[in-house]
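Given next are the chains, with one letter for each unit.
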Amino acid sequence: MLRLGLLLLIAPILLLMGVYFWEYSSVRECTLSGGHWDYLERVCRDTPQPFVSWLQRYPWLVNGGMLLSVIGVGLCMVGLYVKRR
């Protein structure tokens, strides 16, 4: 139970960070070339675009990842509390 809890605690964080940095590399490339990133369409534009947060664009990914992490913490606590046989 402890290993499953650790997996559920760490995997969503790594997934979110991976997706974030993948998008960040595109945003950085766009802004360094003088453009403006359109967060909704995921393309580089010539005109300024409004910022749209991750929570608005990917609510299931963010909230689901946090929920899995909380479940992982709970499983870790139970796994550390229960004695091994």
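Residues numbered from 1 in each chain as written. Predicted model: local features only at pLDDT ≥ 70, side-chain atom pairs only at ≥ 80, totals over all residues. Heavy atoms only, no water.

The name given to the protein chain in an unreviewed UniProt entry is Transmembrane protein, with Halomonas mongoliensis as the source organism.

Looking at this model, I keep getting lost on helix α3 (residues 59-81). Mind explaining?
Given 3.6 residues to a turn, an α-helix orients residues that are three or four positions apart in the same direction. With 23 residues, α3 extends 33 Å between its outermost C-alpha atoms, agreeing within 8% with the 33 Å of an ideal straight helix rising 1.5 Å per residue. Where α3 is concerned, the buried positions are V62, G65, S69, G72 and C76. Among the structural elements, α1 (2-32) and α2 (54-57) are those in contact with the buried residues of α3. (Helix = DSSP H or I, 4+ residues; strand = E, 2+ residues; numbered from the N terminus. Expected span 1.5 Å × (residues − 1). Buried < 20%, exposed > 50% of the residue type's maximum accessible area, 1.4 Å probe, protein only. Contact = heavy atoms within 4.5 Å.)

What am I meant to see in the packing of α1 against α3 here?
The axes of two packed helices give the description: the angle between them and the distance between them. Running from N to C, α1 and α3 point in directions that differ by 155 degrees, and their axes come no closer than 6 Å. Classified by the interaxial angle, the pair formed by α1 and α3 is roughly antiparallel. Viewed along their axes, α1 and α3 form a crossing whose handedness is left-handed. Touching L2, L4, G5, L6, L8, L9, P12, I13, L15, L16 and V19 of α1 are L61, V62, G65, L68, S69, I71, G72, V73, L75, C76, G79 and L80, all from α3. For the contact of α1 with α3, the residue count by class is 18 nonpolar, 5 polar and no charged. (Axes fitted to C-alpha atoms, helices over the stretch in contact; angles between N-to-C directions. Parallel < 35°, antiparallel > 145°, perpendicular 65-115°, else oblique. Left-handed = near helix turned anticlockwise from the far one by under 90°. Nonpolar A, V, L, I, M, F, W, Y, C, P; charged D, E, K, R; others polar.)

Looking at this model, I keep getting lost on the state of the cysteines. Mind explaining?
Disulfide: a covalent bond connecting the sulfur atoms of a pair of cysteines. Evaluation of the coordinates by the stated rule reveals 1 disulfide. Across a sulfur-sulfur distance of 2.1 Å, C30 and C44 are joined as a disulfide pair. Taking the sign of the S-S torsion, about 75 degrees here, the bridge from C30 to C44 comes out right-handed. Taken together, the residues C30 in helix α1 and C44 in strand β2 (residues 43-45) connect sequence positions 14 residues apart. For C30, a relative accessible area of 3% gives the class buried. (Disulfide = S-S within 2.5 Å.)

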